[in-house]
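Analysis of the macromolecular model
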Amino acid sequence: MTERSMMRVLGGERIDPPPVWIMRQAGRYLPEYRQIRAQAKDFLDFCYTPALAVEAVMQPLRRFDLDAGILFSDILVLPDALGRKVWFVEGEGPRLEPLLDQDTWTFGDPDRVVGFLAPVYETVERIRAAMPAETTLIGFAGGPWTVATYMIQGEGGDKDRCRRATYQRPGDVAALLSVLVEATARHLAAQVAAGADCLQIFESWSEGLPEPLFEEVILKPTKALMARLRALGVTVPVIGFPRGAGALLGRYARETGVTALGVDTQTPAGFARAQAPEGMPLQGNFDPQMLICGGAAMEAEARRVIEDFRGSPHIFNLGHGITPQTPPENLAALVQVIKTGG
Ligand code: 1CP
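A brief report on the enclosed structure follows. (Residues numbered from 1 in each chain as written. Predicted model: local features only at pLDDT ≥ 70, side-chain atom pairs only at ≥ 80, totals over all residues. Heavy atoms only, no water.)

A count of helical and extended segments in the protein gives 16 helices and nine strands. The C-alpha radius of gyration computed for the protein amounts to 19 Å, which stays within 12% of the reference 20 Å derived for 342 residues, consistent with globular compactness. Reported as C-alpha extents along the three principal axes, the dimensions of the protein are approximately 60 × 45 × 40 Å. Counting only residues that meet the buried cut, the protein has 59% of its 342 residues in that class. Considering only contacts within the protein whose residues lie at least 6 apart along the sequence, 74% involve residues at least 24 apart. (Helix = DSSP H or I, 4+ residues; strand = E, 2+ residues; numbered from the N terminus. Rg over C-alpha atoms; globule rule 2.2 N^0.38 Å. Buried < 20%, exposed > 50% of the residue type's maximum accessible area, 1.4 Å probe, protein only. Contact = heavy atoms within 4.5 Å.)

Summarising the element assignment, Asp80 is placed in helix α5 (residues 77-81). Classification of Asp80 by relative accessible area gives buried; the value is 14%. Apart from the residues within four sequence positions on either side, Asp80 is in contact with Leu44, Tyr48, Val86 and Phe116. Engagement of the side chain of Asp80 in a polar contact is seen with the side chain of Tyr48, the distance being 2.7 Å. (Polar contact = N/O pair within 3.5 Å; in protein donor to acceptor, adjacent residues only side chain to side chain.)

Our focus in this paragraph is the side chain of Thr146. Within the secondary structure, Thr146 is located in helix α8 (residues 144-153). Owing to a relative accessible area of 0%, Thr146 belongs among the buried residues under this scheme. In terms of polar contacts, Thr146 uses its side chain to reach the backbone amide nitrogen of Trp205, at 3.2 Å. Filtering out sequence-adjacent residues up to four positions away, Thr146 remains in contact with Ile75, Phe202, Glu203, Ser204 and Trp205.

So, on to the site of the ligand. Contacts to the ligand come from 22 residues, most closely from Tyr33, Arg37, Asp74, Tyr150 and Ser204. At 2.6 Å, a side-chain N or O of Tyr33 approaches an oxygen atom of the ligand. Side-chain polar atom of Tyr150 to an oxygen atom of the ligand: 2.5 Å apart, as the coordinates give it. A per-class count over the shell around the ligand returns 13 nonpolar, five polar and four charged. (Near = heavy atom within 4 Å. Nonpolar A, V, L, I, M, F, W, Y, C, P; charged D, E, K, R; others polar.)

Another aspect to go through is the sheet that holds strand β1 (residues 68-70). The parallel open sheet is built from seven strands, whose spatial order is β1-β4-β5-β6-β7-β8-β9. Each edge of the sheet is formed by a strand with only one pairing partner; in this case those strands are β1 and β9 (314-318). The mean angle between the axes of side-by-side strands here comes to 25°, regardless of whether they run parallel or antiparallel. Alignment of strand β7 (residues 260-262) against strand β8 (residues 282-286), held across two bridges, turns out to be parallel. Along β8, the bridge assignment pairs Leu261 with Leu282. Where α8 meets the sheet, its contacts fall on β4 (136-142) and β5 (198-203), and the angle it forms with β5 comes to roughly 45°. Running at roughly 165° to β4, helix α10 (residues 170-193) makes contact with β4 and β5 of the sheet. (Pairing = 2+ DSSP bridges. Axes fitted to C-alpha atoms, helices over the stretch in contact; angles between N-to-C directions.)

With an omega of -5°, the peptide bond between Asp16 and Pro17 qualifies as cis. Within the fold, Pro17 resides in the loop between α1 (5-10) and α2 (31-37). Between Gly284 and the following residue, Asn285, the backbone shows a cis peptide bond with an omega angle of -20°. Here Asn285 is to be found in strand β8. Even without a glycine there, the phi angle at Arg24 is positive, about 65°. Locating Arg24 in the fold gives a position in the loop between α1 and α2. Since its relative accessible area comes to 56%, Arg24 is described here as exposed.

Without other data, these values stay purely geometric and don't point to any function.
Below, the structure written as structure tokens:
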């Protein structure tokens, strides 16, 4: 078995220099991505066409010395599989039919998900075959709350309407979260069966929640998701990324059962380390805005981030996704600094 450096770190080892991958490493900042994106009818069609999705995964791996590839898909394929209408508005982002407009919240059976998403698992199989053996393959899904926010209000942006919904319709929100827990567990288990080495849960909208609400919509569902995954026989490491959890990060790290912790841009490594269980691998947390700027300041900041995480098993990443305006050559320079120290 070829050793995959990121898997060693997820197993609790510290490696110098740290393995690196970049959230949203496939995407619009790459001209070759924009070119294949133009071939698909729409974004979901792109996600469900294995030949295109595999190519999107491989593009950044060809350009940069990255230690992992991530499945090309989206967190919103899950509501699509549950029978909610999902579409992407060019230049704006995802849109769904908001549950908030409806008196009764209905969704398809989680049983349907794995059949509906068969092209995604075919993509995972094909990536594994196309990728170098030493490269780690990451599967992913959105966290139950993050996916629920899009389903509830029908779009991104501030989550005020979702927070009010949890106070005004707690039964409906709890029922939605439990459907998402089951559907997400099956979706992740199918990715592992198809060849994913590890998993990441993107709980991208963890910010702004009072502690009792954080318990209800983030901690309980994630704990249930982890338990369900393990019950389905999934043993691979799971990275939890509760972006914006802030003061509640430690509760997420200690109580949910995730293996490793994604650290967002504003959270100091020392804070995450002190809050997390002893020796928990940490991933993060370079500022994506600095990556747009580049230059000597970017390189110095990369060294600072590596130093900051020195006390933990560390996977170098951004604190949130790379943005479309990032010059690809800046990412090349960043990876070079990480790999060579210079
Ligand atoms: O037309 C296009 O090319 C659409 C841009 C795009 C891409 C490239 C979207 C729409 N999704 C993706 C792929 C994607 N999304 C990946 C795989 C690619 C990779 O990482 O290399 C992953 C892991 C995601 C995850 C995702 N989708 C998250 C969680 C991560 C995060 O950034 O916080 C979220 C919140 C989404 C929803 C979504 N999908 C697309 C957009 C523009 C958004 C965010 C919208 C918003 O801010 O509310």
